[in-house]
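Now for the letters of each chain:
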Amino acid sequence: MRTQAAATRTFESLVEPHRRGLLAHCYRMMGSWTDAEDVLQDALLKAWQGMAGLQDTSAFRAWLYQVATNACLSALRANKVRSVPQLASAPVKPGDGVGAWSEPDRWVEPFPDAEAPDDLSSAVEARESVALGFILALQHLPPRQRAILLLSEVVGYRAAEVAEMVGVSVTAVNSALARARVALERARGETTDWGLAPELGAEDRRALERYRRAWEAGDVSALVALLSREATFSMPPVSNWFRGPRSARVAMEGHVFEGGRHFKTVPVAVAGGVPAFVLLKAESGSEDYQPLGVQLVWIRRGKVRRVTSFLGPKMAERFLKLAGRRVSRGRRV
């Protein structure tokens, strides 16, 4: 038992310097932080089980990335291409209704800034590599092509090393890489607006605070007044989305705040620098707040131009945990 415990501690100490980088790699592959954490856990279990067969411990990092990449490729066989509602379909008319939750594996998820990789050359490069714009662009690549691009151009392995990791020839790696670069460049034209967000100025910070207070007060008129003329409002995994203040008002009054439902907001940091909150929901007359999701708010010149609420209690709970917060019945978290 002592020998096994010591081996476990040794393995964990070897993995720990690479954990954030591996998690970010799985997130880039999967497009979902929740799925990335689950896949990485499976990959690390396989790595632990196969540790005895590793001949060259100097190649430990590369071997971990190989195991994690293969775990992602296996998981992606059943997954659909992920996106956001605004890029997947046209906006609905106000009278069309909000719609129901559907196909959670169709949508990307935000990634916490606290988990941004620490094995890249600069902090900006690390943040950009897990920003939503880049993740959305990656979704246009087939899984194996995506893996080859990431291992080569983000993680930084040579073509021969990547070939060994994914089990193809060097020629196949170079060919896939060339195609991936072209496809990624084309896709980034569509997803650039979802990338790194500029630091907020004083005007935008004040508008964001007014927005947050209005959300907690359930003041739909105040929320709508803060929206730009072309603002969009979406709530994946609900596929319907709305453009403009009038449509957003219908969605808020007819669904979000329906029946006296009320919310608390907990500021959290997402990769890419977009202002974000964990949403906690309680029904009318109740103080039992439950995690609902993570809302990102894009704001410019004092006006909110996009609100996307990524709904998912499990994801919200993980963001709260990273922020050192917990849900407390009847009290602010």
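Residues numbered from 1 in each chain as written. Predicted model: local features only at pLDDT ≥ 70, side-chain atom pairs only at ≥ 80, totals over all residues. Heavy atoms only, no water.

Draft legend 1. Local environment of the nonpolar core. If you look at the biggest cluster of nonpolar residues, it comprises 78 residues, and the most contacted ones within it are Val278, Val294 and Leu296. With residues up to four places along the chain from it excluded, the contact list for valine 278 reads Lys264, Thr265, Val266, Val268, Gly293, Val294, Ala316, Phe319 and Leu320. One finds Ala214, Val224, Ala231 and Ile299 within the second-largest nonpolar core, a separate group that totals 32 residues. (Core = buried A, V, L, I, M, F, W, Y, C linked by side-chain atoms within 4.5 Å. Buried < 20%, exposed > 50% of the residue type's maximum accessible area, 1.4 Å probe, protein only. Contact = heavy atoms within 4.5 Å.)

Draft legend 2. Up close: unusual backbone geometry. For the bond running from proline 236 to proline 237, omega is 15 degrees, close enough to zero to count as cis. The phi dihedral of glutamate 103 is positive, around 45 degrees, even though this residue is not glycine. In this fold, glutamate 103 is placed in the loop between helix H5 (85–88) and helix H6 (123–129). Taking the relative accessible area as the measure of exposure, glutamate 103 reaches 32% and is therefore partly exposed. The backbone phi angle of arginine 301 is positive, close to 55 degrees, even though this residue is not glycine. (Helix = DSSP H or I, 4+ residues; strand = E, 2+ residues; numbered from the N terminus.)

Draft legend 3. Focus on helix H3 (residues 33–50). Between the first and last C-alpha of H3 there are 25 Å, a value that for 18 residues agrees with the 26 Å anticipated at 1.5 Å per step. Within the sequence span of H3, burial applies to Trp33, Thr34, Ala36, Glu37, Val39, Leu40, Ala43, Leu44 and Ala47. With a side-chain oxygen positioned 3.4 Å from the backbone nitrogen of threonine 34, the residue opening H3 is serine 32. (Expected span 1.5 Å × (residues − 1). Polar contact = N/O pair within 3.5 Å; in protein donor to acceptor, adjacent residues only side chain to side chain.)

Draft legend 4. Spatial organisation of the packing of helix H2 (residues 19–30) against H3. One way to put it is that H2 packs onto H3 with a least axis distance of 8 Å and a crossing angle of 125 degrees. Put simply, H2 runs oblique to H3. Here H2 runs over H3; the crossing is right-handed. Between H2 and H3, the contacting residues are Arg19, Leu22, Leu23, Cys26, Tyr27 and Met30 on the first element and Trp33, Asp35, Ala36, Glu37, Val39, Leu40 and Leu44 on the second. Here the contact of H2 with H3 is composed, by residue class, of ten nonpolar, no polar and three charged. (Axes fitted to C-alpha atoms, helices over the stretch in contact; angles between N-to-C directions. Parallel < 35°, antiparallel > 145°, perpendicular 65-115°, else oblique. Left-handed = near helix turned anticlockwise from the far one by under 90°. Nonpolar A, V, L, I, M, F, W, Y, C, P; charged D, E, K, R; others polar.)

Draft legend 5. Region of interest: H2. Here H2 spans 16 Å end to end across twelve residues, near enough to the 16 Å set by a 1.5 Å rise per residue. With ten of twelve residues buried, H2 lies mostly within the body of the structure. All of the buried residues in H2 are Gly21, Leu22, Leu23, Ala24, His25, Cys26, Tyr27, Arg28, Met29 and Met30. Immediately beyond the C-terminal end of H2, within one or two residues, lies glycine 31, with a positive phi of roughly 80 degrees.

Draft legend 6. Quick peek at the pattern of salt bridges. Applying the stated criterion across every chain yields a total of 19 salt bridges. Across the salt bridge formed by arginine 305 and aspartate 193, the nearest N and O atoms sit 3.1 Å from each other. In this pair, arginine 305 sits in strand S6 (residues 303–311) while aspartate 193 sits in the loop between helix H10 (170–191) and helix H11 (202–217), placing the two residues 112 residues apart along the sequence. Residue classification places aspartate 193 among the partly exposed positions, given a relative accessible area of 37%. A salt bridge links glutamate 209 to arginine 212, with the shortest nitrogen-to-oxygen separation between them at 2.8 Å. In this pair, glutamate 209 and arginine 212 are both assigned in helix H11, three residues apart and thus about one turn of the helix distant. (Salt bridge = Lys/Arg side-chain N within 4 Å of Asp/Glu carboxyl O.)

Draft legend 7. Broad picture of the pairing of strand S1 (residues 227–235). The element S1 is extensively covered by neighbouring structure, given that seven of its nine residues are classed as buried. In the sheet, S1 pairs with S6 via four bridges, with the strands oriented parallel. Along S6, the bridge assignment pairs threonine 232 with arginine 306. Relative to strand S2 (residues 238–243), S1 is paired through four bridges, and the arrangement is antiparallel. Paired with methionine 235 across the bridge in S2 is valine 238. Between S1 and S2, which pair antiparallel one after the other, the connecting turn spans two residues. (Pairing = 2+ DSSP bridges.)

Draft legend 8. The arrangement of the sheet that holds S2 in detail. One open sheet holds the six strands; their spatial order is S2-S1-S6-S5-S4-S3, and the pairing between them is mixed. Where the open sheet ends on each side, the last strands, each with one partner, are S2 and strand S3 (262–269). Ignoring strand direction, the axes of neighbouring strands in this sheet form an average angle of 20 degrees. Bridging between strand S4 (residues 275–282) and strand S5 (residues 290–300) involves six bridges; their strand directions are antiparallel. The partner of lysine 281 across the bridge, within S5, is glutamine 290. Across the sheet, helix H13 (residues 245–256) is in contact with S1, S2 and S3; its angle to S1 comes to roughly 35 degrees. Each of S3, S4, S5 and S6 touches helix H14 (residues 313–322); the most contacted strand, S5, lies at about 75 degrees to it.

All we've got here are geometric facts, nothing functional implied.
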